[in-house]
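Analysis of the macromolecular model
So you can see what is in the structure, the chains are spelled out below.
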Amino acid sequence: MEPHDHDGERPADGATGGSGDGAGDSGGADGAGADSAGGAEGAGAGAGGTGGAGAGGGYGGYRGDGGFRGADAGGFAQGFAAGPDARYARPTPEALQLCPWERREQYGFLNALYLTTREVLLGPQKFFRRMPTRVGLTQPLLYALVLGIAAAFLGWVWSLAGSSLQGLLSRSLGHSISGPLWAFLAFVGSPVSVVIAVFVRAALMHLVLMLLGGNQLGFEATFRVAAYGQAAGIVMLVPFCGGIVALVWELVIDIVGLYSIHGTDPWRAMVAVLAPALVCLSTIVALLAVALVGLGLS
């Protein structure tokens, strides 16, 4: 066999020259020893690399888009510090499936709308866990727009029915038509308000999720949760308690949706959903308090 270089070093002259049998035997032995040592070192390095990859990949877990959960760098230390529980790992890409709304050519418009809304309301964990990402924001935004506009329209119709009954009991015509007027304005402005609401909610939830280390699949995954979570708005049509029930239901859908689609821990999703809601509620209460104080002083 011809001699090989090891770590940039060439064999000595005695190992290749013909000055003597002893020198040749010694050189061959040395070369074999070097080969054995180099091979052992290479094998050790290979084993170390495999172990490192196993530790990093095994802890992080498989992510639905083909990556691994855990920190972006993929290191074991970072994954150990911020990686979510492997119990909430996303399924393999082969198991992911678009929802009926994004396959309307197969189900039809109304049937796809009904099936998607039913799945979101009754089984959000399964719905979001098998949902693929990196397929665009258009379809979930269109779903939110359809439901938001429909809810605003039905709210206007409800207000008309209520104002008709109120007009029979009230002597003030202006008071009886003020409710339907505001409901009609809300219906007209619903496309803009729905788009703003979905993007703002998704941005706030995603910001908190990033701070907690629970962002695994990017902004689109969080946006999909915020958009399809609008399905809870249909509960607002229930008289009396519909608004409160819809609010609580939407918060539950957002929490379950975030940890299901990102493959993160439930507590991270809960904080990401409730923290922005509490901040918004506190801001509204503070503004109302300032307004009441201002009216009292004036």
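What you see is a predicted model, and the numbers here were worked out from it, not measured in a lab.

The subject of this paragraph is the packing of helix α9 (residues 190-211) against helix α11 (residues 242-262). Two elements in contact, α9 and α11, have axes separated by 13 Å at closest approach and are oriented at 50°. When the axes of α9 and α11 are compared, the pair comes out oblique. For α9 against α11, the interelement crossing comes out right-handed. Along the contact surface, α9 presents Arg 201, Met 205, His 206 and Leu 209, while α11 presents Glu 250, Asp 254, Leu 258 and His 262. Grouping the amino acids of the contact of α9 with α11 by side-chain chemistry returns 3 nonpolar, 2 polar and 3 charged.

Phe 127, Phe 128, Met 131, Tyr 143, Val 198, Tyr 228 and Leu 258 are the most contacted members of the largest nonpolar core, which totals 37 residues. Sorting the residues of this core by element identifies α5 (109-122), α6 (124-129), α7 (138-169), α9, α10 (219-228), α11 and α12 (266-297) as the ones contributing at least two each. Beyond its immediate chain neighbours, meaning those up to four positions away, Tyr 143 contacts Trp 101, Leu 113, Thr 116, Thr 117, Ala 227, Tyr 228 and Ala 231.

The next subject is the packing of aromatic side chains. Evaluation of the coordinates by the stated rule reveals 11 aromatic pairs. Ring geometry for Trp 156 and Phe 187: centres 6.0 Å apart, planes at 10°, overall stacked. Placement of Trp 156 in helix α7 and of Phe 187 in helix α8 (residues 173-188) is noted, with a sequence separation of 31 residues between them. Note on Phe 199 and Phe 223: the rings are 4.8 Å apart at their centroids and 45° apart in plane angle, and the pair reads as tilted. Of the two residues, Phe 199 is situated in helix α9 and Phe 223 in helix α10; the sequence distance between them amounts to 24 residues. Under the relative-accessibility criterion, Phe 199 is labelled partly exposed at 33%. In this structure Phe 223 comes out as buried when scored by relative accessible area, which is 0%. A network of ring pairs unites the aromatic residues Trp 101, Phe 109, Phe 127, Phe 128, Tyr 143 and Tyr 228 as a single cluster. The ring of Trp 101 carries Arg 104 above its face, with NZ or CZ at 4.3 Å from the centroid.

Moving on, we get to the packing of α9 against α10. In contact at an axis separation of 9 Å, α9 and α10 are set at 130° when each is read in the N-to-C sense. Classified by the angle their axes make, α9 and α10 are oblique. As α9 runs across α10, the sense of the crossing is right-handed. Contacts between α9 and α10 pair Val 198, Phe 199, Arg 201, Ala 202, Ala 203, Met 205, His 206 and Leu 209 from the former with Phe 219, Thr 222, Phe 223, Ala 226 and Ala 227 from the latter. Its residues assigned to classes, the contact of α9 with α10 comprises 10 nonpolar, 2 polar and 1 charged.

Turning our attention to the pattern of salt bridges. On inspection of all chains with the given rule, the structure shows 6 salt bridges. We note a salt bridge from Arg 201 to Glu 250, for which the minimum N-O separation is 3.4 Å. Linking Arg 201 in helix α9 with Glu 250 in helix α11, this pair joins segments that are 49 residues apart in sequence. Salt-bridge contacts for Arg 224 lead to Glu 220; the nearest nitrogen and oxygen are separated by 3.1 Å. Pair noted here: Arg 224 and Glu 220 are both in helix α10, with a separation of 4 residues, about one helical turn. For Glu 220, a relative accessible area of 14% puts it in the buried group. Here the salt bridges share partners, and the residues they tie into one network are Glu 102, Glu 220 and Arg 224.

Conventions we followed
Numbering of residues starts from 1 in every chain and runs along the sequence as written. Two thresholds apply to this predicted model, a pLDDT of at least 70 for residue-level local features and 80 or more for giving and counting side-chain atom pairs, whereas whole-chain, interface and lining totals are computed over all residues. Neither water nor hydrogens contribute to the side-chain values; these are computed over all heavy atoms in the structure. Note on definitions: angles span 0 to 180 degrees between N-to-C directions of axes, and those axes are lines fitted to C-alpha atoms, for helices only across the stretch in contact. Here a helix means four or more residues in a row that DSSP labels H or I, a strand means two or more in a row labelled E, and each is numbered from the N terminus. The labels follow the angle: roughly parallel below 35 degrees, roughly antiparallel above 145, roughly perpendicular from 65 to 115, and oblique for the rest. Handedness of each helix crossing follows the sense of rotation of the near helix against the far helix: counterclockwise by less than a right angle gives left-handed, clockwise gives right-handed. Contacts are assigned to residue pairs with any non-hydrogen atoms lying within 4.5 Å of each other. When residues are grouped by polarity, Ala, Val, Leu, Ile, Met, Phe, Trp, Tyr, Cys and Pro land in nonpolar, Asp, Glu, Lys and Arg in charged, and all others, Gly among them, in polar. Throughout this description, the term nonpolar core refers to a set of buried Ala, Val, Leu, Ile, Met, Phe, Trp, Tyr and Cys residues connected via side-chain atoms within 4.5 Å. Think of it in three bands: residues with accessible area under 20% of the maximum for their type are buried, residues over 50% are exposed, and the middle band is partly exposed, with areas taken using a 1.4 Å probe on protein chains only. Stacked, tilted and edge-to-face are the three classes assigned to paired rings of Phe, Tyr and Trp, where Trp is represented by its six-membered ring and a pair needs centres within 6.5 Å; plane angles under 30 degrees give stacked, over 60 edge-to-face, the rest tilted. A ring is considered to have a charge above it if a Lys NZ or an Arg CZ atom is located within 6 Å of its centre and within 35 degrees of its normal. Whenever a carboxyl oxygen of Asp or Glu lies within 4 Å of a side-chain nitrogen of Lys or Arg, that contact is scored as a salt bridge.

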